[in-house]
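# Per-entry structural report
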Amino acid sequence: MPQLTMRDALNQALHQEMARDERIIVLGEDVSGGAGGTSGEREASGGIFGVTKGLLPKFGEGRVIDTPISESAIVGAAAGAALAGLRPVAEIMFADFVGVCMDQIYNQIAKFRYMFGGKSTCPVVIRMAMGAGMNMGPQHSQTIYSLLTAVPGLKIVIPSNAYDAKGLLIQAIRDDDPVIFFEHKALYPRKGEVPENAYTVAFGEASLVRQGEHVTVVAIARMVPFAERAIDALAKEGITCDLIDPRTTSPLDEETIIESVEGTGRLVIVDESPPRCGMASDIAAIVAQKAFHSLKRPIIQVTPPHTPIPFAPALERLYVPGPPRIEAAIRQALKDE
Amino acid sequence: MTLSVNLGNARLLRAYRQMRLIREFEERLHVEIATGEIPGFTHLYAGQEAIAVGVCEQLTESDYIVSTHRGHGHCIAKGCDVGGMMKEIYGRKDGLCHGKGGSMHIADMTKGMLGANAIVGGGPPIAVGAAIACKLRGNRFVSVAFGGDGSANQGTVFEAMNMAVVLRVPAIFVLENNGYSEHTGAAYAVGSGDLAGRARGFGMPAECIDGADFHAVYDAMGRAVARAKNGEGPSTIEATITRYYGHFEGDPQNYRAKDEVARLRVTMDCLKRFRERAALDHTVAQAELDAIDVEAVALIDAAVRDAKAAAPPVEADLYSDVYIQY
Ligand SMILES: Cc1ncc(C[n+]2csc(CCOP(=O)(O)OP(=O)(O)O)c2C)c(N)n1
Ligand SMILES: [Mg+2]
């Protein structure tokens, strides 16, 4: 099977879906780039991370739309286009910029289907790059998936590898509801096996990345490869873990997590979003409610501190949970006093 | 109102020195970034110096500015310490923001520099707020929002402009039209192409000027400041300019004609223009300007050397300046 980076897997998904369904449009800042430039090169960019490369030459300006810097209008226009029968894939360059267009996400697209009594669907996908690790500072490094997972009416997708990224994006595009699709910047170069053909990965189905018996580890996005490293290191000592990647936080596959905790009795949750009202605390609450009697030890959350994301590499390294912290948490979960 | 013709030798030299310092700062960063030692991504202001300096030379430390992702020039022009800025860009503990912000977030409240901003369109509403404070204190000082052609497409900028007019506050919107927002041309993304016209549509005067001409910027700013201090409310200045480098360092600039930058470095160089003008009207001697050029190199050399040698922040710094911890 061909090895693709997550970036190329996403790109392939967009190409294949746009070829399949001509109602799909892509819109965002610099999704092709070059418009109004002086070189005459029309696709001068292909997206700041290269995910939308090659779409403009293939599908044309009608369907691949470079927008001005106007996030509210980008998301709002995607919403309107969806109500009018198109299937827009909007790009918000960095997840942090959701701050600018929160109304369109939170009050508009998330509510249409319910608020209009089921008379409409809003098949919008909003892709956005997220995450720390590249020293981009406090306004270009946030994850924000916890914030948006809290909004009823949105589906939240967070792939950790190339295979899932492609299948989840195709599912997102075919889904009739609004989907927020998070792409961790540091994972774009991560390679994995990706089938050439189009396929979907269902929402609400976690993936069991490692199977073990001592501790359940739940990790999201970039925390998945970090947890893999910690778990593989511990395996040499005979400590084995279930590693669960929820892949979508809304809907969330509670069942897989709970089943695993019923087996291990120990839970470590690794989340790159801040500790309060985040995915880690949300999953901890669910497990506390539904699997309390299976727990042998308190649930451990591995998250960044409750601070904005610092710029300096020396601080960002400390901010982002890494394999050593995950390993330590797993060991702590195994301590029986 | 002070116009550029009234500027004496010392003030003109200071203006040139500020522009040269910005140029040197940015040209040097361009070199240092290529070594991989500078973290994150950096947007250089080289080419646009006359705008920051022409604007800020009309201001005092008690006036406010709000900047953008391309903020180094605004910071230097407003009096931020070059050594502290360089350390910030290198992510050092002694940087102006203790390494927490980096290139896109340099701020110094003691200089009236209310912060560079990595959210396009994030600054202008903040500038209006500072202008409300200025108005309440008798319009003795003004508040300036810098922004690009791309930022003028952001709703927050429209809101800020309209509110400034409605509240009649001493706000000045400086739109630096360098022809691009990232990889997209203003020729495409700015409907009508007329940034000043938009501002006029909100009910304030707006001037279009040559952004490579220090004197033109200084004079336009003088008029805007006079109006603001007279209680007549906000103004906009649209300055046409170019950037000498990519959107950020590492940008291959496929959207620009191959010879564009080389050509504009000749026709749109504020330093050269300043020198030519000085030679014509004999306000400052070329030798004095030459001395400033040498001095600027030494200053930036020292700033880079110190920044490289400076210590990074430590773990405790991660938890400082946040109100609540968990
Ligand atoms: C809200 C928001 N949207 C998009 C971006 C990404 N971005 C950073 S700078 C930039 C272009 C800004 O263009 P302009 O205002 O003309 O300023 P210039 O870069 O030319 O100085 C874009 C799109 C951002 N930082 N914030
Ligand atoms: Mg611009």
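In this text the structure is predicted, and so the values were computed from the model without any measurement. (Residues numbered from 1 in each chain as written. Chains lettered and ligands numbered in written order. Predicted model: local features only at pLDDT ≥ 70, side-chain atom pairs only at ≥ 80, totals over all residues. Heavy atoms only, no water.)

The pLDDT averaged across chain B works out to 97; a share of 100% of its residues lies at or above 70. Here the prediction assigns the complex a pTM of 0.98, and the interface score ipTM is 0.97. (pLDDT = per-residue confidence, 0-100.)

Not every one of the 22 residues close to ligand 1 is listed here, only the nearest: E71 of chain A together with H69, R70, A118 and G150 of chain B. Side-chain polar atom of R70 of chain B to an oxygen atom of ligand 1: 2.7 Å apart, as the coordinates give it. At a separation of 3.1 Å, a nitrogen atom of ligand 1 approaches a polar side-chain atom of E182 of chain B. Calculation on ligand 1 without its partners gives an accessible area of 580 Å², and the protein chains cover 97% of this total. (Near = heavy atom within 4 Å. Polar contact = N/O pair within 3.5 Å; in protein donor to acceptor, adjacent residues only side chain to side chain. Areas by Shrake-Rupley, 256 points an atom, 1.4 Å probe, with all protein chains shown as cover.)

Time to look at the environment of E255 of chain A. Within the element layout of this structure, E255 of chain A appears in helix α9 (residues 254–264). In the structure, E255 of chain A is positioned 49 residues away from A206 of chain A in sequence and 9.0 Å away in space, judged by C-alpha atoms. (Helix = DSSP H or I, 4+ residues; strand = E, 2+ residues; numbered from the N terminus.)

This part is about the layout of surface pockets. Estimated volume of the largest pocket: approximately 680 Å³. The wall of the largest pocket is formed by 26 residues, among which P138 and P308 of chain A together with K100, S320 and D321 of chain B lie closest to the centre. When its residues are assigned to classes, the lining of the largest pocket shows 16 nonpolar, eight polar and two charged. Here the second largest pocket defines a volume of roughly 410 Å³. The wall of the second largest pocket is formed by 20 residues, among which Q142, T143, I144, L147 and P274 of chain A lie closest to the centre. A per-class count over the lining of the second largest pocket returns 11 nonpolar, seven polar and two charged. Counting the residues that make up the lining of the second largest pocket, at least three belong to each of domain 1 (3–193) and domain 2 (207–334) of chain A. (1 Å grid on protein atoms, 1.4 Å probe; cavity = no way out; pocket = protein on both sides within 12 Å on 5 of 7 lines; lining within 4 Å. Points joined across faces, edges and corners; volume = space filled by probe spheres on them. Nonpolar A, V, L, I, M, F, W, Y, C, P; charged D, E, K, R; others polar. Domains from an automatic or database assignment.)

Summed over the entire model, instances satisfying the criterion amount to 39 salt bridges over all chains. R331 of chain A is the salt-bridge partner of E237 of chain A, the closest N and O atoms lying 2.7 Å from each other. On the criterion of sequence distance, the pair formed by E237 of chain A in the loop between α8 (223–235) and β11 (241–245) and R331 of chain A in helix α12 (residues 323–334) is long-range, its members being 94 residues apart. Measuring nitrogen to oxygen at the nearest pair gives 2.3 Å for the salt bridge that ties R273 of chain B to D210 of chain B. Highlighted residues: R273 of chain B in helix α11 (residues 270–281) and D210 of chain B in strand β6 (residues 206–210), separated in sequence by 63 residues. Its relative accessible area of 26% is what places R273 of chain B among the partly exposed residues. Linked through salt bridges whose partners overlap, the residues forming this network are R28, E32, E37, D301 and K308 of chain B. (Salt bridge = Lys/Arg side-chain N within 4 Å of Asp/Glu carboxyl O. Buried < 20%, exposed > 50% of the residue type's maximum accessible area, 1.4 Å probe, protein only.)

All right, on to the pairing of strand β4 (residues 87–94) of chain A then. Residues and elements named next belong to chain A. For β4, the buried fraction is high: eight of the eight residues fall into the buried class. When strand β2 (residues 24–28) meets β4, the two strands line up parallel, connected through five bridges. Bridged to V26 within β4 is V89. Pairing between β4 and strand β5 (residues 125–130): five bridges, direction parallel. When the sheet's bridge partners are listed, E91 is paired in β5 with R127. (Pairing = 2+ DSSP bridges.)

All names here are of chain B. On the surface, a cluster of nonpolar side chains totalling about 330 Å² of accessible area is made up of I132, M163, V166 and L167. The biggest single contributor to the nonpolar patch is helix α6 (residues 155–167), with three residues. Position of I132 relative to the elements: it lies in helix α5 (residues 123–136). The exposure class assigned to I132 is partly exposed, which follows from its relative accessible area of 37%. (Patch = residues over 30% accessible without salt bridge, like charges linked within 9 Å, V, L, I, M, F, W, Y side chains within 5 Å.)

Residue and element names in this part refer to chain B. Within the first shell, the magnesium ion (ligand 2) binds the protein through D149 (OD), N178 (OD1) and Y180 (O), at distances of 2.1 Å. For the magnesium ion (ligand 2), all donor residues lie on one chain, and their spacing in sequence is D-x28-N-x1-Y. Note that D149 is positioned in the loop between β2 (143–148) and α6 and N178 in the loop between β3 (171–177) and β4 (180–181), a separation of 29 residues in sequence. The pair D149 / N178 is uniform in exposure class, with both members buried. (Donors = N, O, S within 2.8 Å, 3.2 Å for Na, K, Ca; no water.)

The nonpolar side chains of a soluble globular protein tend to be buried, and buried together. Counting residues in hydrophobic clusters, the biggest one holds 95 residues, and the most contacted among them are I105, I126, M128, L148, L154, I180 and F182 of chain A. The leading source of residues in this core is helix α7 (residues 162–174) of chain A, at seven residues. Looking at this core, you find at least three residues from each of domain 1 (3–193) and domain 2 (207–334) of chain A. Dropping the residues within four chain positions of it, L154 of chain A is found in contact with I105, I109, A110, L148, P178, I180 and S250 of chain A. Listed in part, the 68 residues of the second largest apolar core include I38, I76, Y245 and A296 of chain B. (Core = buried A, V, L, I, M, F, W, Y, C linked by side-chain atoms within 4.5 Å. Contact = heavy atoms within 4.5 Å.)

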